[in-house]
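What follows is the residue order along each chain.
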2 protein chains.
Amino acid sequence: MAPSDRNREQARVALEQHLGYGFKDRALLNRALTHRSAEADHNERLEFLGDGVLNFTIAAALFEQCPDAPEGDLSRLRASLVRETTLAAIAKEIELGAAIVLGPGEMRNGSRRRASILADGVEALLGAIYCENGFDAAKRVILHLYAQRLTDLPSAASLKDAKTQLQEWLQARSRSRPEYELVEVTGADHCQHFVSRCRLADSGDSVEGEGGGRRKAEQDAARRMLEKLGADS
Amino acid sequence: MAPSDRNREQARVALEQHLGYGFKDRALLNRALTHRSAEADHNERLEFLGDGVLNFTIAAALFEQCPDAPEGDLSRLRASLVRETTLAAIAKEIELGAAIVLGPGEMRNGSRRRASILADGVEALLGAIYCENGFDAAKRVILHLYAQRLTDLPSAASLKDAKTQLQEWLQARSRSRPEYELVEVTGADHCQHFVSRCRLADSGDSVEGEGGGRRKAEQDAARRMLEKLGADS
C-alpha cells in the first residue's frame, strides 16, 4: 500500500468508528466520499438520497420528542438541525474532511474544510448507509450523530425570524403591527443594496436596516427594532 | 348512528380501500382528516410527518429507478411528484374530499375542493400510517398511490425551467449565453409588475416577458424566446 492509500484508509476507519457503522461495500463508501471535482463516479446522487433520509428521520424524531409543538415549531427546529452549518459541524466531529476525495483544483483551494463540501459529504454517507442496509440502519446512525443536539434543542421561539419575533412581541402587548418601507436602493443590477425602515405607528419609533435584498433589509430593521425595545433576549 | 356520521364513515371506508390500508386507530384517522378550521385536534403535525416520509420515499424510488440520472434530474422529478397539484390529483383519485372535516367557514367557501387542503390531507394520512405502522407500511401505500406516475415519469428535460432550457439549447449549438435586462418596473410597493428583455447577442433576436417579479419576467421572456426559436417542443 502506498503511504497516501494507507492514510486514506486510516481516515476511513476513524470515520466509521465515529459513525458507529462499518461499510461492507468499500466501493460504495468510496463513492460517498468522492466530490464531483475528483471523478465521474462522485457522491451527488447519494447526497440526494441522504438528504431525504436525514430530513425525514429528524422530522420523525422531533414529532415524537415534542408532542405539543405546533407544525411551525417542528419545521423551524428541523431546518436548524439539517442546515449546512449544522452538518458541517457534524462533519468536523466525525473527522470527515481527512477522508474526503477532492479533485486537484479543489485541493489547492483548501476545499477540504469548506462547509458545503463537508455537509454534502455527511448526507452522501447517510445515503450510502441507506443503500447498503436500509432505513433502520440509516436512522440508527442519524440518531447517534444527533443525540446531543436532540437533547439540547433550541427553544422554538429563538428560531423565529426577526420580523415574526417583533410582530409577536407587539401582538402580546396589544400593539399595532410594525410598518416596513423601502427607503433606498443603490448599486448596479446584480449587487443592489437595500435600506428599509421599520416604524411603529403607535409610538412613532423608527429604525433603518440594510441588506442585499428588500427582505434582508426588513429583517435587519426588525432586529434593530427588537434591540431598541429591549425585546431581543 | 346519525345519517351524517354514517356518510362520513362510508367516505372513510372508501378512502381506506383506495389507500390499500385500514386504520386500527380510528381517532388517528380522524385527526389526519381534520383541517385546522374544524377543531384544535387537527392534522398539521401529521402533515409535517407525512411530508417527510413522502419526500424521502419518492427520492429513494427515483434513485433506484433512474440509476443514470444526475442529481439535478432526480431533484426536479421529485419536485414534480410531490408538489401540491400532484397531491391534489391523488386526493381526487382516492376521494379524499368527501372524508375531510372542515370548520363551518371553510365549508361555506367550498374548501372541500381546494388544492392545498386536499394536498395537506394526503400528507397527513401518510404521516398517520407511519405513526401507526412504521416506515415500511407508509412506503407501501406511497408506492401504491404513485405506481402509475412512477411508470410514466416525465422526461427530466421537460421539467427544467425556461431559462435553463434556453441556455442549454444555445450551448448545444455553440451559441453565446442569452442576456437579460430589466426594462420596466411599475405598480405600488406590494404589487409591482416587472418587464424584462431577453436578447441573443449573436443574432440580435430580442423578446420581452412580464411577471410579478424580476425572475418571473425573465422566465417569461426565456419561454417566449424558446417559442421564437422553435425550441419549445
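Remember, predicted model here, so these are calculated numbers, not experimental data. (Residues numbered from 1 in each chain as written. Chains lettered and ligands numbered in written order. Predicted model: local features only at pLDDT ≥ 70, side-chain atom pairs only at ≥ 80, totals over all residues. Heavy atoms only, no water.)

**As for the overall build of chain A**
Next up, step 1: A count of helical and extended segments in chain A gives 10 helices and 3 strands.
Next up, step 2: Scanning chain A from its N terminus toward the C terminus, one meets helices and strands in the order α-α-α-α-α-α-α-α-α-β-β-β-α.
Next up, step 3: In terms of C-alpha radius of gyration, chain A reaches 22 Å, well past the compact-globule figure of 17 Å for 233 residues.
Next up, step 4: Burial statistics for chain A: of 233 residues in total, 45% are counted as buried.
Next up, step 5: Residue pairs at least 24 apart in sequence account for 54% of intrachain contacts in chain A once pairs closer than 6 positions are excluded. (Helix = DSSP H or I, 4+ residues; strand = E, 2+ residues; numbered from the N terminus. Rg over C-alpha atoms; globule rule 2.2 N^0.38 Å. Buried < 20%, exposed > 50% of the residue type's maximum accessible area, 1.4 Å probe, protein only. Contact = heavy atoms within 4.5 Å.)

**Section: the domain arrangement of chain A**
Next up, step 1: Partitioning chain A into domains gives domain 1 (3–154) and domain 2 (162–228).
Next up, step 2: A straight line from the C-alpha centre of domain 1 of chain A to that of domain 2 of chain A covers 37 Å. (Domains from an automatic or database assignment.)

**Re the packing of aromatic side chains**
Next up, step 1: Summed over the entire model, instances satisfying the criterion amount to 9 aromatic pairs over all chains.
Next up, step 2: Measuring from ring centre to ring centre gives 6.2 Å for phenylalanine 56 of chain A and phenylalanine 135 of chain B, while their planes differ by 35°; the resulting arrangement is tilted. Here phenylalanine 135 of chain B lies in helix α7 (residues 115–145) and phenylalanine 56 of chain A lies in helix α3 (residues 44–65), a pairing that spans two chains. Considered together, phenylalanine 56 of chain A and phenylalanine 135 of chain B belong to a single accessibility category, that of buried residues.
Next up, step 3: Three or more aromatic residues link up through ring pairs in this structure, and these residues are Phe56, Tyr130 and Phe135 of chain A together with Phe56, Tyr130 and Phe135 of chain B.
Next up, step 4: Seen from the ring of tyrosine 180 of chain A, lysine 163 of chain A lies directly overhead, with NZ or CZ sitting 4.6 Å from the centre. (Phe/Tyr/Trp six-rings, centres within 6.5 Å; stacked < 30°, edge-to-face > 60°. Lys NZ or Arg CZ within 6 Å of the ring centre and 35° of its normal.)

**As for the relation of the copies chain B and chain A**
Next up, step 1: Of the two same-sequence chains, chain B is brought onto chain A (RMSD 0.1 Å, axial shift 0.1 Å) by a rotation of 180°. Interpreted geometrically, this transformation is the action of a two-fold axis. The rotation axis passes nearest to the C-alpha of phenylalanine 56 of chain B in chain B, at a distance of 3.3 Å.
Next up, step 2: The residues that chain B uses at the interface reappear at the interface of chain A in 100% of cases, marking a shared surface. (Least-squares fit on C-alpha atoms with pLDDT ≥ 70 in both.)

**Considering the UniProt feature "active site" (unreviewed entry) in chain A**
Next up, step 1: According to UniProt, the positions carrying the feature "active site" (unreviewed entry) are Asp51 and Glu123 of chain A. In three dimensions, the annotated residues from a span of 73 residues occupy one location, with a maximal C-alpha spread of 5.5 Å.
Next up, step 2: Within the secondary structure, aspartate 51 of chain A is located in helix α3.
Next up, step 3: With relative accessibility at 24%, the residue aspartate 51 of chain A sits in the partly exposed group.
Next up, step 4: Apart from residues no more than four positions distant in its own chain, aspartate 51 of chain A is found in contact with Glu123 of chain A together with Arg78 of chain B.
Next up, step 5: Here glutamate 123 of chain A is in contact with Leu46, Glu47, Gly50, Asp51, Leu54 and Leu87 of chain A, once residues within four sequence places are set aside. (UniProt positions renumbered as here; feature names shortened; annotations may be inferred.)

**Here's the deal with the environment of alanine 38 of chain B**
Residues and elements named next belong to chain B.
Next up, step 1: Structurally, the position occupied by alanine 38 is in the loop between α2 (26–32) and α3 (44–65).
Next up, step 2: C-alpha separation for the pair alanine 38 and glutamate 9, spaced 29 residues apart in sequence, amounts to 17 Å.
Next up, step 3: Apart from the residues within four sequence positions on either side, alanine 38 is in contact with Val101, Leu102 and Gly103.

**Remarks on unusual backbone geometry**
Residue and element names in this part refer to chain A.
Next up, step 1: Within the chain, glutamate 95 stands out as a residue other than glycine whose phi angle is a positive 55°.
Next up, step 2: Among the secondary structure elements, glutamate 95 is positioned in the loop between α5 (84–93) and α6 (104–108).
Next up, step 3: Within the chain, serine 174 stands out as a residue other than glycine whose phi angle is a positive 55°.
Next up, step 4: Inspection of the secondary structure puts serine 174 in the loop between α9 (162–172) and β1 (179–186).

**A word on the pattern of salt bridges**
Next up, step 1: Enumeration according to the criterion identifies 30 salt bridges over all chains in this entry.
Next up, step 2: The partner of glutamate 16 of chain B in a salt bridge is arginine 26 of chain B, with the nearest N and O atoms 2.8 Å apart. With glutamate 16 of chain B in helix α1 (residues 3–19) and arginine 26 of chain B in helix α2, the pair connects residues that are 10 residues apart, well separated along the chain.
Next up, step 3: The exposure class assigned to glutamate 16 of chain B is buried, which follows from its relative accessible area of 10%.
Next up, step 4: The residue glutamate 208 of chain B makes a salt bridge to arginine 197 of chain B at a minimum N-O spacing of 3.1 Å. Here glutamate 208 of chain B, found in strand β3 (residues 206–211), pairs with arginine 197 of chain B, found in strand β2 (residues 193–199); they are 11 residues apart in sequence, far enough to count as distant.
Next up, step 5: Taking the relative accessible area as the measure of exposure, arginine 197 of chain B reaches 24% and is therefore partly exposed.
Next up, step 6: Residues joined in a network through salt bridges with shared partners are Glu9, Glu16 and Arg26 of chain A. (Salt bridge = Lys/Arg side-chain N within 4 Å of Asp/Glu carboxyl O.)

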